Amino acid sequence: MNTTRVKALLKREITDVLRDKKTLIMMVVVPIFLYPLLIIVMSLIMSAMTGTSGEKVYKIAFVDAPAESVRAIEDIMVRENEETKFRFSLSKDREEAVSRLNEQEIHAFVIVTDEKLYQINYLSAKNDSSLVTGMVREAMEIYLEDLRAEQVEAKGLDKDEILQPITFEREDLSTSEETMGSIMGGVIPVLMIISIVMGAIYPAIDVTAGEKERGTLETLITLPVTSFEMIMSKFLAVAMVACVSALLNIISMGFALGFMGSMMSEEMGIADLQITSFLPAVLVTVVVMLFFALFVTAICLFVCLFAKSFKEANNYATPVMLVFMLTGYMAMLPNLELTLMTAGIPIVNTALMVKQLFQLHYDYALFGVVLVSNAAYSFLMMWLLGKVYNSEAVLFGEGFSGVKLFTRRSEMKKGQMPGLGDVVLLICCIFLVIFYLGSIAQMKLGFGGVVVNQAIILAVPIGYAWYLKSDWKRLFSIKVPKVRQMIGAVILWGGAYCIMAALVPALTAIMPESTKAVSETFQPFAEQPLAVLWLVIALMPAIGEELLFRGFIFGTLREKVKPLMVILITSAAFALFHMSLIKFFTTFILGLALVLAVQTSGSIFTGMLIHLVNNTLSVIIIKYPLLFEEAPILGSGNMHPLQNVVLAAAGLIIAALGLRLQKTS
């Protein structure tokens, strides 16, 4: 890589981004003033609402309640809620009280159905009614305690000794800094993620789809620079803008939160708060922000590369922002903490790390894992970007917008191939249908729901290909394989299985709970007859999933993307489809074996055979779990680490032999 050329290209990209003053204002200037304004306005609105609630009069009615009880409850409510105004009244019967409640003449009413049952009636859909009901309930509990005390004293007993044999109190040992850090830790990660994504997405659109629309990308490609130098300049330019934008926004929000905190410090009991205690957290957060900005930039550039216009890229930006925002909100979950497992999950690891920093918990080993994983993901995306820039079919092709499904079938050409947009739409359709229809079938039918899901996976790609009038043999790689290739497919699976078995102990040690959850998921299936279990768990996925992944998806992508990218994308999609973190790595390896078998043999039937053999073994393990305990190679994890290394190496050799037998020539 020539640094001089990269610097020149970087200067050009920065100049192009800064030239668009409207984008610059919306990306940097507006958020700097908008966030503090929103926070201040919200605090003023909350203050105004609090003042208004103090002037509100809550109306409560009583029906068939003893006069003595009514007076006691009224006195307790007034005493316990000194700043709240009440108006009490009587209703002659329940019908009248219900009518008054529905017409909002009263907020709640208490009816005594017998001597002991006091029933509070309210409208949960009305905030005032729910609020006043809580006050009435607290007053009733105090009244109950008073009655108990009177009855105990009437019997000549000591009420304190009988009713309060012990006393207790709470003492918060958390410092003011820890209390405020807990609050800030739930808010700052989300704000930081949103700021970085907003700072990166618009420059990313401008340097990719914007250049396509302006017609300057073709000229740029003709320059005497490598694709890596070109994408590196764009990457650094967008990352710089994203970091500066996020830093300015965080500083702006910090002043606003400080203003808001100073107003609320006395109410929250944190008047002795030492702001300097958060200085290390702020400094480390800046470093985290830089690493995370690299990852966000790579994702935004990769997605926007497939857009043909600025408008289309904006459409792609919406789901990207939603994914980052929703994943960032996971930091607010109370039981989710930064562990060795979560430290490797993109977006989640950054949010949890920032949360832990402001809670003043410093685990530098986990912090290092987060930074390294973000850097690794960034380099991976950079590598993918470089591959995409070398593909003119992607740069100047139809992109994700080329969805042929929306064309009338009568106007379609016979034998056409789906586009990239069709692949994305197909995956979304299958996900939605399984999420809604499949989930309902799973709940209603149990094991039968698995059959429904597999039927969906089989029917959707076949129906899609039929509607498009696709060339079935070309799309689904329908070709009768040779006997040698079938044998090679089984040998390839054997090698892949050895690698997966060697990987299982490490995954089990890292994620023991996930391993247990996966095994428990399949336990109910053991009750099914062996033939039924084999049909549903082995045969149906071997056909349906292969037609989907190694058929429709692989068959479409290999027409437009380079082979290595097709293999990785198809295998990753197959692994993600199984929706299990611990199964992702082993399923990815299996996906590699499946797609390599189809690619080298040219026949989807070799992939179906591997899938069938693999799932048949899973059926045997489910039905006869003793084999799982007695054979370490089946994944029990009882082997020595050195044995696992030898097993993985042997698996690579066996897989290579299987691939050699797979080749058509």
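A few points on the structure. Computed from a predicted model, the values in this text were never measured in an experiment. (Residues numbered from 1 in each chain as written. Predicted model: local features only at pLDDT ≥ 70, side-chain atom pairs only at ≥ 80, totals over all residues. Heavy atoms only, no water.)

**Focus: the overall build of the protein**
Consideration 1: When helices and strands are tallied, the protein shows 26 helices and four strands.
Consideration 2: Here the protein holds 665 residues, and the buried ones make up 43% of them.
Consideration 3: When contacts within the protein are restricted to residue pairs at least 6 apart in sequence, those whose partners lie at least 24 apart make up 76%.
Consideration 4: Accessible surface computed for the protein: about 34900 Å², of which carbon and sulfur atoms make up 66%. (Helix = DSSP H or I, 4+ residues; strand = E, 2+ residues; numbered from the N terminus. Buried < 20%, exposed > 50% of the residue type's maximum accessible area, 1.4 Å probe, protein only. Contact = heavy atoms within 4.5 Å. Areas by Shrake-Rupley, 256 points an atom, 1.4 Å probe, with all protein chains shown as cover.)

**Let's talk about unusual backbone geometry**
What is expected of a backbone is that most residues other than glycine have negative phi and most peptide bonds are trans.
Consideration 1: Look at Ile 347: it is not a glycine, yet its phi comes out positive at around 70°.
Consideration 2: Tracing the chain through its elements places Ile 347 in the loop between helix 12 (310–328) and helix 13 (348–358).

**What to know about the sheet that holds strand 2 (residues 85–91)**
In a beta sheet, neighbouring strands are held together by backbone hydrogen bonds and run either parallel or antiparallel to one another.
Consideration 1: Taking strand neighbours across the sheet as the criterion, the four strands line up as 2-1-3-4 in an open arrangement whose pairing is mixed. The sheet is open, and its two borders are formed by strand 2 and strand 4 (118–122), each paired with just one other strand. Across the sheet, the mean angle separating the axes of adjacent strands is 25° when strand polarity is ignored.
Consideration 2: Across five bridges, strand 3 (residues 108–112) lies against strand 4 in antiparallel orientation. Bridge pairing in strand 4 links Ala 108 to Tyr 122. (Pairing = 2+ DSSP bridges. Axes fitted to C-alpha atoms, helices over the stretch in contact; angles between N-to-C directions.)

**Here's the deal with the environment of Val 536**
Consideration 1: Relative to the helices and strands, Val 536 resides in helix 21 (residues 530–557).
Consideration 2: For Val 536, a relative accessible area of 3% gives the class buried.
Consideration 3: Linking Val 536 and Val 452, residues 84 residues apart in sequence, is a C-alpha distance of 9.8 Å.
Consideration 4: Contact partners of Val 536, with chain neighbours within four places excluded, come to Phe 447, Val 450, Val 451, Gln 454 and Pro 541.

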